[in-house]
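Working through the structure, step by step
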Amino acid sequence: MEVRRDPRSFLFFIILLLLINSPEPQQQSFNTRSHYDEVIQREWDQLDVLNRTRYGDFDVNRKRWLNVSGCRAEDGFAWDLLPSVRAKANAHGERALGNTWRNVLDGTMYQHHLEEGKLPVYRNISGYVEGQWVRESISRVRHPHDMGNTTHFAHDPFTNSAMEFDRNLTGPGGPFRAHFTQLDGKMRTDANETIGEVSAKIVVGDDESFGGNWWEFYVHGIHFKDSGHAVLTTTSERFAGIFALPHFQLSHALHDTARDFLNWTVHETIDRQIHRPFPVWNPWTSSSVGSNDDMAGVAHHCEFVLYLQQPPSVQTTDMNWLEHEMRFPTGAPLGHRSQLSMSMVGFSPDCGYVIESKGPPDYAPAEAMHLIGSKTEEYNNRARHSIIAFAIAFAFQLSFLIKQMKETATPSMRSRVSFYTIAMMALGDGFTFLVLIFMYLFLGTAQLAMYSIAFVALFSVLAHLRFLMDIWSVQSAERARLERQNAPAAPTPPPAPPAPEEPAVSNGLPLAADAFGTPATVARPPPGAPAGLPLPVTAPRPPPRPPTPILIAPDQDDPLSDDDDAPLLPTRNPATTPAPAPAEPNSRAEFGSLYSRFCLLLIITFFVTIQFATARTLYRSVYFSILSFIYLSFWVPQIYRNVMRNCGRALRWDYTIGTSITRLVPIAYFYLKADNVLFAGTDWQTFAVLAGWVWLQIVALISQNVLGPRFFIKEGWAPPAYDYHPILREDEEGALLPLNATSPSEDAIEGEGSSKSAGEAKDKGKKVFDCSICAMDIEVPVVPAGADESTMAGIGGTGMVLQRRLYMVTPCRHIFHAHCLEGWMRYRLICPNCREALPPL
């Protein structure tokens, strides 16, 4: 029969795709095309202003303004701080280059283009730098109403009180990081390759803000390759930063060079903007979410102008050859490579703050060294090395898991392992798989390596799921047995009255009576059969029913041998016995529902983590610390199961210690290494707590194996369980002693000169028994009959705990070595002597 699929799921999937890909609703009165034409025309007008103005035309002290957005008098920007900012940027350049800085300002460095006169600086600054910023004393505190109507809606009663400006740095300092992009072939340069385009993603935080707030935005500008300094700015509808960028330069020569370069690049950008099939509202956008951030209106954020200066390298290596070898390695030894370092001066013309990178000469070199980072090539190599180390940790983790799965190949061993311990590990590996799949969007490098490790993580998830299926199949029978034992007994129905026997008839006449006068009876024919005499002997009869097969468990034990309270079920009489209860659900079906919950929990955790990845610093650190603490608590369910079942030694020691180390190493990388690939802040105290928590769990597992699973649990906190290590007491009848006591040999009796009872040892208070597994003697302490409380306290105290762990006594009063019986119970839960069922260890 053909199985028809439900089309509703497919229809729901199509509707979901349409909703995701549908454009955002717009107001009816908003003419998108006409507004886009206005944006293009405004860009042409601002480019015309850029070409017609000269250096010094933008001077606030002389009341000279530019007719571009943000540089007019009515815009209300704090441009009177620009001369002080230029002076600080000049000081940074002179401190970095010395007397050469004068040649940079007057333009003589860019006129000769001599190779021997170039400074040892990186000409391609693709990479990142990070450090700390400090607030300058010349900064101002400006309120929204001081910034003009283009910045804040003064008549908005709903958002006026709750509006918060992004990128508004109000504290005295915080972290700063810049990621530079200067791709050859995509970023344009002049004919002499002395100046080029550059863009940077800025991540700046404020330590004094609530929760450690931080912002991410983009700046665009120009990079002077020979001198190693760059000027970048934000651009939006309310601030035409890229068009006013030449007027932010530090000298007349730098202004002319930047104006000529931007006249060409901006013209090409606007021309491409016009011919694009989809509108691009701002090619120089500062928003991190896309280039169409200005379509819906004016964004409430602080603008930014950035001055960067790269100090020359102290090494004598040719920088052009070094950069080429780093990008296209040929195997040549590079030796020591100087880090990518810069100093920074930042200025917000609308919000009025001025920041500077923390470093010499205002601060000691041991305290801060401005902004330090590495080139993109070095970052990619470090990312690949980290991924390889992660792959090695995964390989060890898988090897430990395979050994543990081979160790727990029997139902007896699988019943000891906690299902939730393995489930937490599988959930962690699944989360790692999703992170590695999408990490390429954040790193932008080593995509093939990350996908390879993601495949290894997925294989680890599948291996754990297979292990979980085996554990669930074994433990489902145990849970069903406990439910039957805890279920209330059903009321017994009253017996049905016996049916009266009818005298046998033959053709309507009764048969003859037997010798005692009782009429003879015969079996009544089935319903529908004709009445009369019984069928003849030669008549065909139905075939006999085949016997019911008896299934033997994989460990060669009888299916009911593990249940002490499972009686033999008699054959049910349909007339007097009610129908049995419905069959229990299949363990595979139950595991399928758990698998769905597992996937749902994994996806929810992943999306919640993405949301917290962009939260404030305090919230993000607290969330990831709690998530790491929960993830590293995978041994807690195993400890709990050991206590509830009064069992131990469920896991191999190499698996326990090796898994703990391999799962702790990636977390240690992000908590301890300062220059990790995700730029996560270090936190030694939190990692010490996490490592101590894992170590505490391992110590608890070791103590449960040595001192007993319930050594730290008071009596009554856990359900009663059989104790395989009881205190042996000798009463007058010997009813509490094991049965397999050894008999003294004749030589021993003759040598001692006196008779000893069976099983009596040389040391007083001990007896010798025989272990039928290894055929060796066991000498155990025994409390003599009529012993006082002091003797009982001495044997039951902590001093005799280790001696009691050397032997095991079964409920059927047989004693064995602990390691012998534990090895036996790995495969069969029956007594080696009498074949009685044993409670699980």
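Please read these numbers as outputs of a predicted model, since none were measured by experiment. (Residues numbered from 1 in each chain as written. Predicted model: local features only at pLDDT ≥ 70, side-chain atom pairs only at ≥ 80, totals over all residues. Heavy atoms only, no water.)

1. Notes on helix 7 (residues 319–327)
When we look at burial in helix 7, the residues that qualify are Met-319, Leu-322, Glu-323, Glu-325 and Met-326. End-on view of helix 7: buried residues confined to an arc of 165°, all on one side of the axis. Structurally, helix 7 contributes buried residues whose contacts are with strand 9 (371–375) and helix 8 (376–407). Capping of helix 7 at its N-terminal end is provided by Asp-318; its side-chain oxygen lies 3.3 Å from the backbone amide nitrogen of Asn-320. (Buried < 20%, exposed > 50% of the residue type's maximum accessible area, 1.4 Å probe, protein only. Helix = DSSP H or I, 4+ residues; strand = E, 2+ residues; numbered from the N terminus. Arc of directions from axis to C-beta. Contact = heavy atoms within 4.5 Å. Polar contact = N/O pair within 3.5 Å; in protein donor to acceptor, adjacent residues only side chain to side chain.)

2. Observations regarding the nonpolar core
Counting 49 residues, the largest nonpolar core has Cys-71, Trp-79, Ile-222, Phe-248 and Tyr-307 as its most contacted members. Residues contacting Cys-71, with those up to four places away along its chain left out, are Phe-58, Trp-65, Leu-66, Trp-79, Phe-239 and Ala-244. Judged by nonpolar contacts, the second largest core, of 35 residues, contains Leu-468, Trp-472, Tyr-631 and Ile-698. (Core = buried A, V, L, I, M, F, W, Y, C linked by side-chain atoms within 4.5 Å.)

3. Comments concerning the packing of helix 2 (residues 32–52) against helix 6 (residues 252–275)
As a packed pair, helix 2 and helix 6 sit with axes 10 Å apart at the nearest point and diverge in direction by 165°. With respect to helix 6, the element helix 2 is oriented roughly antiparallel. Like other packed secondary-structure pairs, helix 2 and helix 6 cross with a definite hand, here left-handed. Facing helix 2, whose interface residues are Tyr-36, Ile-40, Glu-43, Trp-44, Leu-47, Leu-50 and Asn-51, helix 6 presents Arg-259, Leu-262, Asn-263, Val-266, His-267, Ile-270, Gln-273 and Ile-274. (Axes fitted to C-alpha atoms, helices over the stretch in contact; angles between N-to-C directions. Parallel < 35°, antiparallel > 145°, perpendicular 65-115°, else oblique. Left-handed = near helix turned anticlockwise from the far one by under 90°.)

4. A word on the packing of helix 10 (residues 419–438) against helix 16 (residues 653–672)
Where helix 10 contacts helix 16, the two axes come as close as 13 Å, and the packing angle between them is 30°. Comparing their axes, helix 16 and helix 10 come out roughly parallel. Helix 16 is crossed by helix 10, and the crossing has left-handed handedness. Only Tyr-655, Thr-659 and Arg-663 of helix 16 make contact with helix 10, whose side of the interface consists of Ile-422, Met-425 and Asp-429. The residue inventory of the contact of helix 10 with helix 16, partitioned by class, reads three nonpolar, one polar and two charged. (Nonpolar A, V, L, I, M, F, W, Y, C, P; charged D, E, K, R; others polar.)

5. Let's talk about empty space enclosed by the protein
Applying the stated rule across the entire model yields five cavities of 30 Å³ or more. Looking at the largest cavity, it is lined by 16 residues, and the ones nearest its centre are Val-39, Arg-42, Glu-43, Ser-236 and Glu-237. Of the residues that constitute the lining of the largest cavity, the class distribution is six nonpolar, six polar and four charged. (1 Å grid on protein atoms, 1.4 Å probe; cavity = no way out; pocket = protein on both sides within 12 Å on 5 of 7 lines; lining within 4 Å. Points joined across faces, edges and corners; volume = space filled by probe spheres on them.)

6. Side note on the packing of aromatic side chains
As enumerated under the stated definition, the model contains 29 aromatic pairs in all. Ring centres of Tyr-36 and Trp-281 lie 5.2 Å apart, and the angle between their planes is 80°; on these two criteria the pair is classed as edge-to-face. Note that Tyr-36 is positioned in helix 2 and Trp-281 in the loop between helix 6 and strand 6 (305–309), a separation of 245 residues in sequence. On the accessibility criterion, Tyr-36 (4% relative accessible area) is buried. With a relative accessible area of 4%, Trp-281 lands in the buried category. Both rings, one in Tyr-669 and one in Phe-670, keep their centres 5.0 Å apart while their planes meet at 75°; by these two values the pair is edge-to-face. You can call Tyr-669 buried: its relative accessible area is 18%. Since its relative accessible area comes to 28%, Phe-670 is described here as partly exposed. Chaining the aromatic ring pairs together yields one cluster made of Phe-58, Phe-77, Trp-79, Phe-239, Phe-248 and Phe-347. Between the NZ or CZ atom of Arg-177 and the centre of the ring of Phe-679, over which it lies, the distance is 4.5 Å. (Phe/Tyr/Trp six-rings, centres within 6.5 Å; stacked < 30°, edge-to-face > 60°. Lys NZ or Arg CZ within 6 Å of the ring centre and 35° of its normal.)

7. Overview of the pattern of salt bridges
Evaluated as defined, the whole model comprises 19 salt bridges. The partner of Arg-140 in a salt bridge is Asp-80, with the nearest N and O atoms 2.2 Å apart. With a gap of 60 residues between them, Arg-140 in the loop between strand 1 (127–135) and strand 2 (173–181) and Asp-80 in the loop between helix 2 and helix 3 (82–97) connect regions that are remote in the sequence. A residue is classified by how much of its surface remains accessible, and Arg-140, at 35% relative accessible area, is partly exposed. Where Arg-238 meets Glu-303, a salt bridge forms, and the shortest distance between an N and an O atom there is 3.1 Å. Within this pair, whereas Arg-238 is found in the loop between strand 5 (229–233) and helix 6, its partner Glu-303 is found in the loop between helix 6 and strand 6, the two being separated by 65 residues in sequence. (Salt bridge = Lys/Arg side-chain N within 4 Å of Asp/Glu carboxyl O.)

8. Here we look at the state of the cysteines
One covalent bond between the sulfur atoms of two cysteine residues makes up a disulfide. Applying the stated criterion to the full structure yields one disulfide. Residue pairing for Cys-302: its cysteine sulfur links by disulfide to Cys-351, the two sulfurs lying 1.7 Å apart. Across the S-S bond of Cys-302 and Cys-351 the torsion is about -85°, and the bridge reads as left-handed. Of the two residues, Cys-302 is situated in the loop between helix 6 and strand 6 and Cys-351 in the loop between strand 7 (340–347) and strand 8 (354–357); the sequence distance between them amounts to 49 residues. Given a relative accessible area of 3%, Cys-351 falls into the buried group. Cys-820 takes part in no disulfide bond, and the closest cysteine sulfur to it belongs to Cys-774, at a distance of 3.7 Å. There is no disulfide at Cys-834, and the cysteine sulfur nearest it, in Cys-812, is 3.3 Å away. (Disulfide = S-S within 2.5 Å.)

9. Some thoughts on the confidence of the model for the chain
For the chain, the mean per-residue pLDDT works out to 78, and 72% of the residues sit at or above 70. Note that residues 503–523 has pLDDT below 50 and, in this model, 20 contacts with residues that lie over four places away or in other chains. Long-range and interchain partners of residues 550–570, a stretch whose pLDDT sits below 50, account for 20 contacts in this model, where long-range means more than four residues apart. (pLDDT = per-residue confidence, 0-100.)

10. Re the side chain of Arg-382
Looking at where Arg-382 falls in the secondary structure, it is placed in helix 8. Judged by relative accessible area, Arg-382 falls into the buried class, the value being 15%. A distance of 3.0 Å separates the side chain of Arg-382 from the backbone oxygen of Asp-675, its partner in a polar contact. Residues within four places of Arg-382 in sequence aside, it is in contact with Tyr-128, Ser-374, Asp-675 and Val-677.

11. A look at the UniProt feature "transmembrane region" (unreviewed entry) in the chain
Residues annotated by UniProt as "transmembrane region" (unreviewed entry) correspond here to residues 387–405, 417–442, 448–469, 594–615, 621–640, 652–672 and 684–702. Taken end to end, residues 387–405 is 100% helix and 0% strand, and its first and last C-alpha atoms sit 27 Å apart. End-to-end, the C-alpha atoms of residues 652–672 are 29 Å apart, and along that stretch the chain is 95% helix and 0% strand. (UniProt positions renumbered as here; feature names shortened; annotations may be inferred.)

12. Description of the pairing of strand 5
The buried fraction of strand 5 amounts to five of the five residues, a majority that puts the element mostly inside the structure. Because side chains alternate across strand 5, one face comprises the buried residues His-229, Val-231 and Thr-233, and the other comprises Ala-230 and Leu-232, equally buried. Taking the residues that link successive antiparallel strands as the turn, the strand 4 (residues 214–224)-strand 5 hairpin has four residues, and the phi of Gly-228 there is positive, at about 80°. The pairing of strand 5 with strand 6 spans five bridges and is antiparallel. Bridging from a neighbouring strand, Ala-230 pairs with Leu-308 of strand 6. (Pairing = 2+ DSSP bridges.)

13. Section: the pairing of strand 14 (residues 776–783)
When strand 12 (residues 728–729) meets strand 14, the two strands line up parallel, connected through two bridges. Among the inter-strand pairings, Arg-729 is bridged to a residue of strand 14, identified as Val-783. Bridging between strand 13 (residues 766–771) and strand 14 involves six bridges; their strand directions are antiparallel. Paired with Lys-766 across the bridge in strand 14 is Pro-781. The turn linking strand 13 back onto strand 14 is made up of four residues, and Ala-775 within it adopts a positive phi angle of 60°.

14. Comments concerning the side chain of Arg-177
Inspection of the secondary structure puts Arg-177 in strand 2. Put simply, Arg-177 is tucked away with no salt bridge, and the nearest opposite charge, on Glu-130, sits 4.4 Å away. Polar side-chain contacts of Arg-177 include one of 2.8 Å to the side chain of His-179. (Lys, Arg positive; Asp, Glu negative; His and termini not counted.)

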